[in-house]
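Summary of structural features
Residue strings, one per chain:
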Amino acid sequence: MKFVEYSNKDLVATITLARGDKANAQNETMLDELHECFLEAERDDSVRVIVLRAQGKHFSAGHDLGGENDPDAVSLAEADGTFHLDKIYRWESKKYFGYSWYWRNIPKPTIAAVQGKAIAGALNLIFPMDLIVAAEDALFSDPVVLMAIGGVEYHGHTWELGARRAKDMLFTGRAFTAEEAQQVGLVRDVVPRDELWDRTDALAREISTRHPFGLAQAKRAVNQTLDVQGYYSALQSVFDVHHTGHGNAISHSGYPILMRLDEMKSNLK
């Protein structure tokens, strides 16, 4: 694989974002490879726990706004440079919302190890995970209101942060620290950066000693409790509303991924 690495050892599968030189910005190739790794871990009976981690300084800069090998900025456009909302909707429904929702429901515990910046589309990877371990320097943000859009495609914000903190993140675009994320229950542990992978691996191996059927039942019980409260319906509704943001940006000044690029990139400094 080009942008994602996969390993399986002693009941734990480790999936590693390996585009650290680009702050693990997510292009289509990375997302497809990531999904294939999750599918492999799901169908492998020797895997009981799945760990998602990332190489480099930052966990992920979110969607690849640079356009390099990225259909977000290239293949979604027609030859004359115009965009069509129906095409964008179909693509994002599968690659963003669809993948994230699938990962959320894999019947095995999943753990994310997060360091540095986790911006916008990075939350599409983090929110579906069952547990999160964060380095002390981890920062979580969703500044896409800059792009005339009300948040990224998988809107776990309200459930993960609470209503007012979700509004704070979205309205201001400010980053939540690892400690703040821990206070609201998004993050399980905050650890020194150089201990992040080892501490996450230790947690995964502790959980892997439990019976796989019991783990699957426990995960399903919690997820279904959220679902009967309207979790999926809320996510799907917000995803639909998300695309009015695309439509608004297209109608005024072109496709939003090409807007305010300098402001978005400044978040990585």
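For the structure itself, look to the data block above.
A brief structural summary. If you're wondering where the values come from, they're calculated on a predicted model, not measured in any experiment. (Residues numbered from 1 in each chain as written. Predicted model: local features only at pLDDT ≥ 70, side-chain atom pairs only at ≥ 80, totals over all residues. Heavy atoms only, no water.)

Some points on the overall build of the chain
The secondary structure content of the chain amounts to 10 helices and nine strands. Looking at the chain residue by residue over its 269 residues, the buried ones come to 50%. A separation of at least 24 residues holds for 74% of the contacts in the chain among residues at least 6 apart in sequence. Of the accessible surface of the chain, which amounts to about 12000 Å², a share of 52% is contributed by carbon and sulfur atoms. (Helix = DSSP H or I, 4+ residues; strand = E, 2+ residues; numbered from the N terminus. Buried < 20%, exposed > 50% of the residue type's maximum accessible area, 1.4 Å probe, protein only. Contact = heavy atoms within 4.5 Å. Areas by Shrake-Rupley, 256 points an atom, 1.4 Å probe, with all protein chains shown as cover.)

Structural notes on the packing of helix 1 (residues 28-43) against helix 2 (residues 85-104)
The geometry of helix 1 relative to helix 2 is characterised by a closest axis approach of 11 Å and an angle of 30° between their N-to-C directions. The orientation of helix 1 with respect to helix 2, classified from their angle, is roughly parallel. The interaxial crossing formed by helix 1 with helix 2 has left-handed handedness. Across the interface between the two elements, Glu-28, Leu-31, Asp-32, Leu-34, His-35, Phe-38, Leu-39 and Glu-42 of helix 1 pack against Trp-91, Lys-95, Tyr-96, Tyr-99, Tyr-102 and Trp-103 of helix 2. Here the contact of helix 1 with helix 2 is composed, by residue class, of nine nonpolar, one polar and four charged. (Axes fitted to C-alpha atoms, helices over the stretch in contact; angles between N-to-C directions. Parallel < 35°, antiparallel > 145°, perpendicular 65-115°, else oblique. Left-handed = near helix turned anticlockwise from the far one by under 90°. Nonpolar A, V, L, I, M, F, W, Y, C, P; charged D, E, K, R; others polar.)

Description of the packing of aromatic side chains
Counting across every chain of the model gives 10 aromatic pairs. Between the aromatic rings of Phe-97 and Phe-239, the centroid separation amounts to 5.2 Å while the plane-to-plane angle is 35°, which identifies the pairing as tilted. A residue pair is termed long-range when its members are at least 10 positions apart, and Phe-97 in helix 2 and Phe-239 in helix 9 (residues 231-253) qualify at 142 residues. Exposure remark for Phe-239: the relative accessible area of 0% places this residue in the buried category. A network of ring pairs unites the aromatic residues Tyr-89, Phe-97, Trp-101, Tyr-154, Trp-159, Tyr-231, Tyr-232 and Phe-239 as a single cluster. Geometry around Phe-3 places Arg-19 over its ring, the cationic atom sitting 4.9 Å from the centre. Positioned above the aromatic ring of Phe-176 is the side chain of Arg-174, whose terminal nitrogen or guanidinium carbon lies 4.2 Å from the ring centre. (Phe/Tyr/Trp six-rings, centres within 6.5 Å; stacked < 30°, edge-to-face > 60°. Lys NZ or Arg CZ within 6 Å of the ring centre and 35° of its normal.)

As for the side chain of His-63
Relative to the assigned elements, His-63 resides in the loop between strand 3 (49-54) and helix 2. When its relative accessible area of 14% is taken as the criterion, His-63 is described as buried. Within polar-contact distance, the side chain of His-63 engages the side chain of Glu-153 at 3.0 Å. (Polar contact = N/O pair within 3.5 Å; in protein donor to acceptor, adjacent residues only side chain to side chain.)

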